[in-house]
Amino acid sequence: MIVVSLVKKVAKEWSHVTLVEKRIKEAKVPSMPEMGEDSDPGASLMNLMKKMYQDGDDDMKKTIAKAWTESQEKQRSNVVDL
């Protein structure tokens, strides 16, 4: 077994150790949409979902599309049952 210990020569705080950590810290953090007191909660939710879809990766887009499709199918089946 080999143990390697590193000591910083200059007392400086590291922001990251690996390249992956650096990319995560530098990544754009999605901001929450503004919600005013007089704004419609449904519209705010739709704006949030749109932003998540636009900024998301392929898996996120598939998940949102699947959830929306299942929701629409459920609404249609409830209308038919009435």
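Residues numbered from 1 in each chain as written. Predicted model: local features only at pLDDT ≥ 70, side-chain atom pairs only at ≥ 80, totals over all residues. Heavy atoms only, no water.

### Comments concerning the overall build of the protein
A tally of helices and strands in the protein yields 3 helices and 0 strands. Start at the N end of the protein and walk to the C end: the helices and strands fall as α-α-α. Sorting the 82 residues of the protein into buried and exposed places 2% on the buried side. Of the roughly 8300 Å² of accessible surface on the protein, 59% is carried by carbon and sulfur atoms. (Helix = DSSP H or I, 4+ residues; strand = E, 2+ residues; numbered from the N terminus. Buried < 20%, exposed > 50% of the residue type's maximum accessible area, 1.4 Å probe, protein only. Areas by Shrake-Rupley, 256 points an atom, 1.4 Å probe, with all protein chains shown as cover.)

### Digging into a nonpolar patch on the surface
Nonpolar side chains collect at one region of the surface, where Leu45, Met49, Met52 and Met60 lie side by side and expose about 320 Å² of accessible area between them. Looking at the nonpolar patch element by element, the count peaks at 3 residues for helix α2 (residues 41-55). By the secondary structure assignment, Met52 is in helix α2. Assessed through its relative accessible area of 33%, Met52 is described here as partly exposed. (Patch = residues over 30% accessible without salt bridge, like charges linked within 9 Å, V, L, I, M, F, W, Y side chains within 5 Å. Salt bridge = Lys/Arg side-chain N within 4 Å of Asp/Glu carboxyl O.)

### Examining the packing of aromatic side chains
Under the definition given, this model contains 0 aromatic pairs. The side chain of Lys61 reaches across the aromatic face of Tyr53, ending 5.4 Å from its centre. (Phe/Tyr/Trp six-rings, centres within 6.5 Å; stacked < 30°, edge-to-face > 60°. Lys NZ or Arg CZ within 6 Å of the ring centre and 35° of its normal.)

### Quick word on the pattern of salt bridges
Enumeration over the complete set of coordinates arrives at 1 salt bridge. The partner of Asp55 in a salt bridge is Lys51, with the nearest N and O atoms 3.4 Å apart. Here Asp55 pairs with Lys51, and both are found in helix α2, just 4 residues apart, close to one helical turn. Accessibility expressed as a relative area gives 47% for Asp55, which makes it partly exposed. Accessibility expressed as a relative area gives 26% for Lys51, which makes it partly exposed.

### A look at the confidence of the model for the protein
Across the protein, the average pLDDT comes to 79, with 82% of residues at 70 or higher. Least confident of the elements in the protein is helix α1 (residues 19-26), whose mean pLDDT is 80; most confident is helix α3 (residues 58-81), at 84. (pLDDT = per-residue confidence, 0-100.)

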